[in-house]
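Structural overview
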Amino acid sequence: MAAKGKMFLVGTRFFCVIIFITAFTTVKASTTVESTTSTANFTTAAETTTTEATTTTEPTTTQAPTEPPTTTPPILTFDPSSVAANIDLGRCWCDVTGNACDINCCCDTDCDQADITSFDRCKESPISVDSQYCVQEEVILTDNSVYTSQKTQDGLFCIYKDNNQARNYYSIPDMINSLDTFNFYRDRYASFTYSPTVSADTTYAQFYKVGDPVFVVYEDLTSGYLTIPQGEPNCQSNNPVSYLVDQSFKCTRQMRTLNANSCENTPYLNASSYLTSVRIVKTPYLFTWIINGTEVTTPIPTTTTTRTTTPAPTTVTVTTSNDTNSTAETTTTTTTTTTTPTTTTTVPITTTVVVTTEQRSLYNNSYTMEFEMERVECVDGNGLVVDCSFNAPSFNTSHCNNAVLGVEYHITHDGSNGITRAGVRLLLGSIQASDLPLTQTYGSSFTSVNEVNKTITERSGNPGYIVGKPVRAGVLVQNSTLALGDRYAIVEDMYNLTIIRGSATGTCLTDSANREQINFGINMVSGCLIRFNLFNVSADQYCSAMQDTVIDAMEGVVDTLTRDDPTIQRRVATYGNSNPLVPGDWVQILRNAPTPTTAQDTTVTQEGPKCTISMGMHTEILYANTGALANPQPKIIGVSFKYEPKQDIIYTCAGTRCTAGNTDVDQSYEVRHSVTFIDASQPATGYVGEPPVFLAKVPYDFFYPFISSSTRTGLSSYLYLVIFIFLCSNFLSKWL
């Protein structure tokens, strides 16, 4: 009976569920039909209303014909191939050739077993998918998964397998068939595009800042940047001068021929091309002040004033007159008559400023200035730099005289107020075909107006040398004209520590203007060719003259005036800020010059003179760090000129000009010059005192009665020992 009751209850519940599902389906279908019917009725009503409106508003007069609206032709659409969801589409990604076997693609169905056997390997998928999902262990409160969990060393809890297919595969996107839809996706997902953007109007700063390019304007009203050529090996004139940034560059002009035309008509050889028909812009506010050649002025706004009248009738006349820079003056008169006593009246004063169209020259105005010729120097026949006059280049037989070898723009500034003066310093010289390609030097320097009347000294550190800064050097001289009496001082203008440098053709440039500055901490090596001949030199003097030529090339031609004078010593600053008036802070250059050539060093053979001379020199600079370990300050402690051991050099002649008696034939010899910086710093070893010696002292009877040296009698010692043994035996017997 109970079983039948349970069966009846289950059947009743099942019947109720069937009735509920049937009723819900019927209601849903009815709602759908009603919704569809309402939509249809709404559409019909809308169409009817539109028709009636069209009939009512039908025009009775003829209207002008209008152009038909532009319509976009519909895009032909086709059903794409169906793609199954939640499957791996790239199971054989390496099968990229149809109807052919791809090498090492083991999943390619076009490859038979013989092909697969010949493969050396199977290509692996380039995409590695990590199916693990890792979270912090603290996030998982309860783990009721049937899968085994894995814990990493970094404390992460990882789900090794996810059986939710929707989270493991991309959703299948629909094809885009309209431009609006395409633009929507592009604007939403695109991160970069090559489409042109609308460029904003060019704006100019009100004043120069550090690093800003310096502007110039030309006589034809074009503007640009003041540039100095740079680049290796060729000069490139696209480097702007940066405000308050000193620069210096050397570059090579690829000039192949030298004649009258190339000498006199090449712009970079003519000094006038660097300072004529161009003006420097003092401040970039020039381009805001003048737009398209018209001066721009801001109008003055309208103002009001208050006047108080007296009881008697009074007429108040207000007249304003304004005069601003480059604006037309306009006078406005306002008359107010009052007849009531003690009345306050507000009188508007309208100031009208007319912006004129007065033309201003972009080239010649108060915001630009000309370049001044500040200094002209020339390299004479001996390689010395001397003052000279400004002249245009001229060609004479085989030499181009007054050619530009170096240009430096020296600009005086007043901070944010801009440039106050611009000068040009030129280095001219004579060049010939053997000097081509030509190497030129360009630079720019800035000086504040507050430093014009001060003696500026360049430091290479404060106090220790900074890597890359020039090693300061000079000559020790005695000056008796100082107010303090006779004293020694260092004159840095008389000597500079340099290394020899070769031209583009390999010839040594021995003059001081073309030598390379030795900078602290930078090891260098240089090699070049010295050309020598027997012209006006006898065979027995050839070796001595050639050795002097090598020494001049190694140490500089200018040093011949001071090299052999023991009273004049060349010295190097120990610190980067050493005072020239303190000779003790300058270390003397040690020089092991080659021994003078003797008759044994000279041998005349049939091929020519044979000499035993030194052909190279090594400049070695010892320095040591001083000060704190956290802030070391390098200090030069010694400088040495070390010449190479002597070697045999034979004058040989080759070519059609090598005839008997022809001494006007150049012979090339290779010389070497190197610079090495040696760190001689001593480790910081502070004195540590010796550890104290521990002396343990105890009373003389400290070990009594266990030693026989105590003052007690030997019998007492034995008695105590017997008692101790007896007690121990009794104690042990109780536990055994």
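Quantities reported herein were computed from a predicted structural model and do not represent experimental measurements.

1. Regarding the sheet that holds strand β32 (residues 602–604)
Ordered in space as β32-β33-β36, the three strands form an open sheet in which the pairing is antiparallel. Each edge of the open sheet carries a strand with a single partner, namely β32 and β36 (647–650). Pairs of neighbouring strands in the sheet enclose a mean axial angle of 20 degrees, with direction left out of account. Across three bridges, the pairing between β32 and strand β33 (residues 609–613) is antiparallel. Looking at the pairing, Thr603 lines up with Lys610 of β33.

2. Details of the pairing of strand β35 (residues 633–643)
Note that strand β31 (residues 586–592) and β35 share four bridges and pair parallel. Bridge pairing in β35 places Asn592 opposite Lys642. With 10 bridges joining them, strand β34 (residues 616–626) and β35 adopt antiparallel strand pairing. When the bridges of β35 are listed, His618 appears paired with Lys642. Hairpin connection between β34 and β35: a loop of six residues separates the two successive antiparallel strands, and Gly627 in this loop has a positive phi of roughly 85 degrees.

3. Description of the sheet that holds strand β16 (residues 368–370)
The strand order across the open sheet built from four strands is β5-β4-β7-β16, with neighbouring strands paired in antiparallel fashion. Either end of the sheet is taken by a strand with one partner, and the two such strands are β5 (223–225) and β16. Strand after strand, the sheet turns through a mean of 40 degrees between neighbouring axes, direction not considered. The pairing of strand β4 (residues 215–218) with strand β7 (residues 278–281) spans three bridges and is antiparallel. Note on β7: the bridge partner recorded for Val217 is Arg279.

4. Let's talk about the confidence of the model for the chain
Low pLDDT marks regions whose predicted coordinates should not be analysed in detail. Per-residue confidence for the chain gives a mean pLDDT of 74, with 64% of residues at or over 70. Counting interchain partners and residues more than four positions distant, the pLDDT-below-50 stretch residues 23–65 has zero contacts. The low-confidence segment residues 297–358 (pLDDT under 50) makes 101 contacts with residues lying over four places distant or belonging to another chain.

5. What to know about the layout of surface pockets
One number sums up the size of the second largest pocket: a volume of about 1,100 Å³. Contributing elements (two or more residues each) for the lining of the second largest pocket: β20 (399–413), β21 (419–432), β22 (438–448), β27 (508–509), β29 (524–532) and α6 (539–555). Residues that form the lining of the second largest pocket fall into these classes: 13 nonpolar, 15 polar and five charged.

6. Some remarks on a nonpolar patch on the surface
Taken together, the side chains of Ile176, Leu179, Phe182, Phe184, Tyr185 and Tyr189 present a nonpolar region at the surface, about 660 Å² in accessible area. With respect to the helices and strands, the residue Phe182 is situated in helix α3 (residues 179–189).

7. Some remarks on the state of the cysteines
The tally for this structure, following the rule as stated, stands at nine disulfides. One disulfide in the model links Cys92 with Cys107; its S-S distance is 2.1 Å. With the S-S bond torsion at 90 degrees, the cross-link from Cys92 to Cys107 turns out right-handed. Taken together, the residues Cys92 in the loop between α1 (2–56) and α2 (113–118) and Cys107 in the loop between α1 and α2 connect sequence positions 15 residues apart. Note on Cys92: relative accessible area 24%, which makes it partly exposed. Here Cys106 connects covalently by a disulfide to Cys122, the sulfurs 1.8 Å from one another. Here Cys106 and Cys122 share a disulfide; its torsion about the S-S bond, -85 degrees, makes the bridge left-handed.

Thresholds, definitions, all that
- Residues numbered from 1 in each chain as written.
- Predicted model: local features only at pLDDT ≥ 70, side-chain atom pairs only at ≥ 80, totals over all residues.
- Heavy atoms only, no water.
- Pairing = 2+ DSSP bridges.
- Helix = DSSP H or I, 4+ residues; strand = E, 2+ residues; numbered from the N terminus.
- Axes fitted to C-alpha atoms, helices over the stretch in contact; angles between N-to-C directions.
- pLDDT = per-residue confidence, 0-100.
- Contact = heavy atoms within 4.5 Å.
- 1 Å grid on protein atoms, 1.4 Å probe; cavity = no way out; pocket = protein on both sides within 12 Å on 5 of 7 lines; lining within 4 Å.
- Points joined across faces, edges and corners; volume = space filled by probe spheres on them.
- Nonpolar A, V, L, I, M, F, W, Y, C, P; charged D, E, K, R; others polar.
- Patch = residues over 30% accessible without salt bridge, like charges linked within 9 Å, V, L, I, M, F, W, Y side chains within 5 Å.
- Areas by Shrake-Rupley, 256 points an atom, 1.4 Å probe, with all protein chains shown as cover.
- Salt bridge = Lys/Arg side-chain N within 4 Å of Asp/Glu carboxyl O.
- Disulfide = S-S within 2.5 Å.
- Buried < 20%, exposed > 50% of the residue type's maximum accessible area, 1.4 Å probe, protein only.

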